[in-house]
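As a plain string of letters, each chain reads:
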Amino acid sequence: MSDRLYIFDTTLRDGEQVPGCQLNTVEKIQVAKALEQLGVDVIEAGFPISSPGDFNSVIEISKAVTWPTICALTRAVEKDIDVAAQALEYAKHKRIHTGIGTSDSHIKYKFNSTREEIIERAVAAVKYAKRYVEDVEFYAEDAGRTDNEYLARVVEAVIRAGATVVNIPDTTGYCLPQEYGDKIRYLMEHVDGIDRAIISTHCHNDLGMATANTLSGVMNGARQVEVTINGIGERAGNTALEEIAMILKCHQNLGIETNINTTKIYPISRMVSSLMNMPVQPNKAVVGRNAFAHSSGIHQDGVLKNVHTYEIMDPKDVGLDDNSIVLTARSGRAALKFRLHVLGVDIDDEKKLDSLYQKFLKLADKKKEITDADVLMLAGADTAEGHAVRLDFLQVTTGMGVRSVASIGLDISGQKFEAASTGNGPVDAAIKALKRIIMKQMTLKEFTIQAISKGSDDVGKVHMQVEYNGSMYYGFGANTDIVTASVEAYIDCINKFKTDESESMAN
């Protein structure tokens, strides 16, 4: 009989902590529904006390999904737990995830406390959370660097206090796979009452070992894994959901099963990538665009003779269709709608579809073939229609030996503005012209250009970081014209700080 492994997805909490990757509530609901279709058991929807936005997102996600458990993160603080319980009011299945640091480093430098006081605080937090919900998960932050004997004492105490799940995070991504597996096995063998709780892994990828550590934990008794789509997360990221799911599918001899419908992996991977503006590296395991590509002549020969010579996974198992429809300027609305559906974006509003189709035709006139990245870029760009500041037109004159000149037109809440400027290159000229209209003291901190397709007619994606009034704002733009993409990224930053200013005035 196979063992059941529970999949705890923290894309909307730990994954969203990546700078510039924050989602609004509508986008979070979209991801949550896709996670439900994927088959995850637990969705960590946010850290409610951290912001009103997180609090509201947990409420709305709780209303939007049906069978997954909705989890809210807290510190071992009563006020955190109170707020989490309020946010989880509408969840059909609810869990509070509370905890505290247990390594000597955290105890001494973060809490200025002692080992005994930390155990007392851990027990008190679990007992307090049990007043609100039956399902309480406890995390021992920095467990990866916590002495095993002391960690076992903490785990035993919180299980006795009522914890139903105990999370053993390798918070810094420090552990070696055998070391982490040994830690889980030590707990399984030395904690009284360990059978009354599920042990969970939560591994970070700082040294590139998150998946290996997670699998090692599972092999030694852990029966919940905390993962994210595409492995996104703070610093180098978290364990990738798709990697664990496909490892267990490919190695069925391990006798461990999940509830994941792997054919939904590729669509949700592309959805999360698009919504969070986090491109998936081409050689990313399972979901990278080169994951099933073969360029070596020897490999190509082998695959043509028998696909199993070099492929251990069927692309269809992760939701990739070998015979996918190629979109061109001659494709119709139905083909565009179908491709969006395959990529996890469903558009039922005919007016919205028609608007998107017109943008698609304009792009198709510039490119021979429209890629999945292009389609998702168009779908994402469509959400910018309601922004206060929009680009009306942009004209740039540049060349060798001449100073670049840019003319720009903006629509700001229905009013039209125009300006022109010279600059050290076309992007500099365009942004200086833009600043003449906006007249805000903004400092460009980071500017990155990335091609998201191949060929001379690439769609270029610009990532931009701007400092304004002491805060950092991240903007994104995508266009076949890189100067236009740069201006759109800058405007994206402006719209974000204008939104913040409006909310501050309202409060």
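The rules we used
- Residues numbered from 1 in each chain as written.
- Predicted model: local features only at pLDDT ≥ 70, side-chain atom pairs only at ≥ 80, totals over all residues.
- Heavy atoms only, no water.
- Helix = DSSP H or I, 4+ residues; strand = E, 2+ residues; numbered from the N terminus.
- Buried < 20%, exposed > 50% of the residue type's maximum accessible area, 1.4 Å probe, protein only.
- Contact = heavy atoms within 4.5 Å.
- Pairing = 2+ DSSP bridges.
- Axes fitted to C-alpha atoms, helices over the stretch in contact; angles between N-to-C directions.
- Nonpolar A, V, L, I, M, F, W, Y, C, P; charged D, E, K, R; others polar.
- Expected span 1.5 Å × (residues − 1).
- Arc of directions from axis to C-beta.
- Parallel < 35°, antiparallel > 145°, perpendicular 65-115°, else oblique.

Asker: Honestly, the side chain of Thr262 in this entry has me stumped. Any pointers?
Answerer: On the secondary structure map, Thr262 appears in the loop between β10 (256-257) and α10 (265-275). Accessibility expressed as a relative area gives 8% for Thr262, which makes it buried. In this structure Thr262 touches Met246, Lys249, Asp317, Val318 and Gly319, once residues within four positions along its chain are discounted.

Asker: Sorry, what's going on with the sheet that holds strand β11 (residues 389-399) here?
Answerer: Picture the strands of a sheet paired through backbone hydrogen bonds; they go either parallel or antiparallel. Reading across from one edge, β11-β12-β13 is the order of the three strands in this open sheet, with antiparallel pairing throughout. Edge positions in the sheet fall to β11 and β13 (415-423), since each has one partner strand and no second. Here the strands of the sheet are splayed against their neighbours by 10° on average, with no regard to which way each runs. With nine bridges joining them, strand β12 (residues 402-412) and β13 adopt antiparallel strand pairing. By the bridge assignment for β13, Val405 is matched with Thr422.

Asker: What is the right way to look at the packing of helix α2 (residues 52-64) against helix α3 (residues 78-87) in this model?
Answerer: Describing two packed helices takes the angle between their axes plus the distance from one axis to the other. In the contact formed by α2 and α3, the axes pass within 8 Å of each other and the chain directions differ by 35°. Where α2 approaches α3, its residues Phe55, Val58, Ile59 and Ser62 are matched on the opposing element by Val83, Gln86 and Ala87. The residue inventory of the contact of α2 with α3, partitioned by class, reads five nonpolar, two polar and no charged.

Asker: What am I meant to see in helix α13 (residues 350-366) here?
Answerer: Because each turn of an α-helix spans 3.6 residues, side chains separated by three or four positions in sequence point in the same direction. Taking 1.5 Å as the rise per residue, α13 with 17 residues should run 24 Å; its terminal C-alpha atoms sit 25 Å apart, in good agreement. Looking at α13, one finds that the buried residues are Leu353, Leu356, Tyr357, Phe360, Leu363 and Ala364. In a view along the axis of α13, the buried residues occupy a sector of 125°, so they form one face of it. Looking at α13, the residues exposed on the side facing more than 90 degrees away from the buried face are Lys351, Lys362, Asp365 and Lys366.

Asker: Looking at this structure, how should I read the packing of helix α12 (residues 333-342) against α13?
Answerer: The contact between α12 and α13 brings their axes to 10 Å, and the two run at 100°. Classed by the angle they form, the pair α12 and α13 counts as roughly perpendicular. In contact with Arg333, Leu336, Lys337 and Leu340 of α12, α13 contributes Glu350, Leu353, Asp354, Leu356, Tyr357, Gln358 and Phe360. Looking at the contact of α12 with α13, its residues break down into six nonpolar, one polar and four charged.

Everything listed here is a matter of geometry and, on its own, says nothing about what the molecule does.
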